[in-house]
Amino acid sequence: TQLLEQSPQFLSIQEGENLTVYCNSSSVFSSLQWYRQEPGEGPVLLVTVVTGGEVKKLKRLTFQFGDARKDSSLHITAAQPGDTGLYLCAGEDGYNKLIFGAGTRLAVHP
Amino acid sequence: DVKVTQSSRYLVKRTGEKVFLECVQDMDHENMFWYRQDPGLGLRLIYFSYDVKMKEKGDIPEGYSVSREKKERFSLILESASTNQTSMYLCASASNPGDGEQYFGPGTRLTVT
């Protein structure tokens, strides 16, 4: 069974701090997705990483896919209160279905 | 703009009731999905559909059924609601399920008492 483990589960920081969250698996994925879910809403796709070692940047967010395509990280620079939410990683299981991690809940305080 | 809508944001039902959750997408996507989301467990796939009148079981189909009579509409049915089905239910659609890009509705928070 493929599993995606995310760490940390919870993160509470002050505005302006940097942070990194992780998504790890023992399985190889053809691609990994990162979603953000705000309270009371459904997840929204942030990025897809496909190639081992790939780095993608989305403003203050930097996403990296591990060389072996088993893990990924999300780094946020100078976090803002608007970054508050649940960050989910997901990977396609080879049968056109997504497997989701349990998520990292981020709170950024002014 | 892409849109997935769900019939209710909040729902309270009694044990044993039959519950219908409806999802509509306006993107002409062939693929639609129902998930439930529980704290610490992430999103778990209940059922999905690749086409009209087609359905496939996900990871946790027990106690649920689905219906897809039209391309844009995918319904989740709880035949006899139980308290352990209290959860957030999320519907999603995708043009290509293999690429990981799914569009989600806002969710229905269902409480079964």
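Our structure is the block above this text.
The structure displayed is predicted, hence computed values, not measured ones.

(A) Representation of the overall build of chain A in the model. Per the secondary structure count, chain A includes zero helices and 11 strands. Walking chain A from its N terminus toward its C terminus, one meets helices and strands in the order β-β-β-β-β-β-β-β-β-β-β. Here chain A has a C-alpha radius of gyration of 13 Å; the compact-globule value for 110 residues is 13 Å, and the two agree. The dimensions of chain A, computed from C-alpha atoms along their principal axes, are 40 × 30 × 20 Å. Residue burial in chain A is summarised as follows: out of 110 residues, 46% are buried. Sequence-distant contacts in chain A: of pairs separated by 6 or more residues, those separated by 24 or more amount to 53%. With an accessible surface of roughly 5,300 Å², chain A has 50% of that area assigned to carbon and sulfur atoms.

(B) Expanded view of the overall build of chain B. Along chain B, the regular secondary structure elements total zero helices and 11 strands. Reading the secondary structure of chain B in the N-to-C direction produces β-β-β-β-β-β-β-β-β-β-β. Computed over the C-alpha atoms, the radius of gyration of chain B is 13 Å, within 12% of the 13 Å expected from 2.2 N^0.38 for a compact globule of 113 residues. Along the longest, intermediate and shortest principal axes, the C-alpha atoms of chain B span 35 × 30 × 25 Å. By residue count, 50% of the 113 residues in chain B fall in the buried class. Residue pairs in contact within chain B that sit at least 24 positions apart in sequence constitute 55% of those at least 6 positions apart. Total accessible area computed for chain B in this model is approximately 5,400 Å², and 46% of it derives from carbon and sulfur atoms.

(C) Molecular detail of the layout of surface pockets. The calculated volume of the largest pocket comes to roughly 470 Å³. Around the largest pocket, the lining is made up of 23 residues, and of these Gln37(A), Leu86(A), Arg105(A), Gln37(B) and Pro39(B) lie nearest the centre. Elements with a minimum of two residues in the lining of the largest pocket: strand S9 (85-92) and strand S11 (104-109) of chain A together with strand S4 (31-38) and strand S9 (87-94) of chain B. Per-element accounting of the lining of the largest pocket gives the leading share, three residues, to S11(A). Split by residue class, the lining of the largest pocket holds seven nonpolar, 11 polar and five charged.

(D) Here's a closer look at the sheet that holds strand S3 (residues 19-25) of chain B. All names here are of chain B. What the four strands build is an open sheet, ordered S1-S3-S8-S7; its pairing is antiparallel. The sheet terminates laterally at strand S1 (4-6) and strand S7 (64-70), the two strands that pair on one side only. Recorded for the sheet is a direction-independent mean angle of 20° between the axes of neighbouring strands. Two strands pair when backbone bridges link them, and S1 and S3 are joined in this way by three bridges, in the antiparallel orientation. Among the inter-strand pairings, Val4 is bridged to a residue of S3, identified as Gln25.

(E) Representation of the interface of chain B and chain A in the model. The interface of chain B with chain A comprises 22 residues on the first partner and 19 residues on the second. Roughly 1,600 Å² is buried in total at the junction of chain B and chain A, and carbon and sulfur atoms are behind 52% of that figure. For the chain B face of the interface with chain A, the top three residues by lost area are Leu43(B), Gly100(B) and Phe104(B), together amounting to 24%. At the surface where chain B touches chain A, the tally comes to one salt bridge. Two residues, Glu41(A) and Arg9(B), come together in a salt bridge whose shortest N-O distance is 3.6 Å. Seen at the junction of chain B and chain A, the total is four residue pairs in polar contact (both at pLDDT 80 or more).

Rules used in this analysis
- Residues numbered from 1 in each chain as written.
- Chains lettered and ligands numbered in written order.
- Predicted model: local features only at pLDDT ≥ 70, side-chain atom pairs only at ≥ 80, totals over all residues.
- Heavy atoms only, no water.
- Helix = DSSP H or I, 4+ residues; strand = E, 2+ residues; numbered from the N terminus.
- Rg over C-alpha atoms; globule rule 2.2 N^0.38 Å.
- Buried < 20%, exposed > 50% of the residue type's maximum accessible area, 1.4 Å probe, protein only.
- Contact = heavy atoms within 4.5 Å.
- Areas by Shrake-Rupley, 256 points an atom, 1.4 Å probe, with all protein chains shown as cover.
- 1 Å grid on protein atoms, 1.4 Å probe; cavity = no way out; pocket = protein on both sides within 12 Å on 5 of 7 lines; lining within 4 Å.
- Points joined across faces, edges and corners; volume = space filled by probe spheres on them.
- Nonpolar A, V, L, I, M, F, W, Y, C, P; charged D, E, K, R; others polar.
- Pairing = 2+ DSSP bridges.
- Axes fitted to C-alpha atoms, helices over the stretch in contact; angles between N-to-C directions.
- Buried area = accessible area lost by both parts, 1.4 Å probe.
- Salt bridge = Lys/Arg side-chain N within 4 Å of Asp/Glu carboxyl O.
- Polar contact = N/O pair within 3.5 Å; in protein donor to acceptor, adjacent residues only side chain to side chain.

Purely spatial values, then, with no claim about function.
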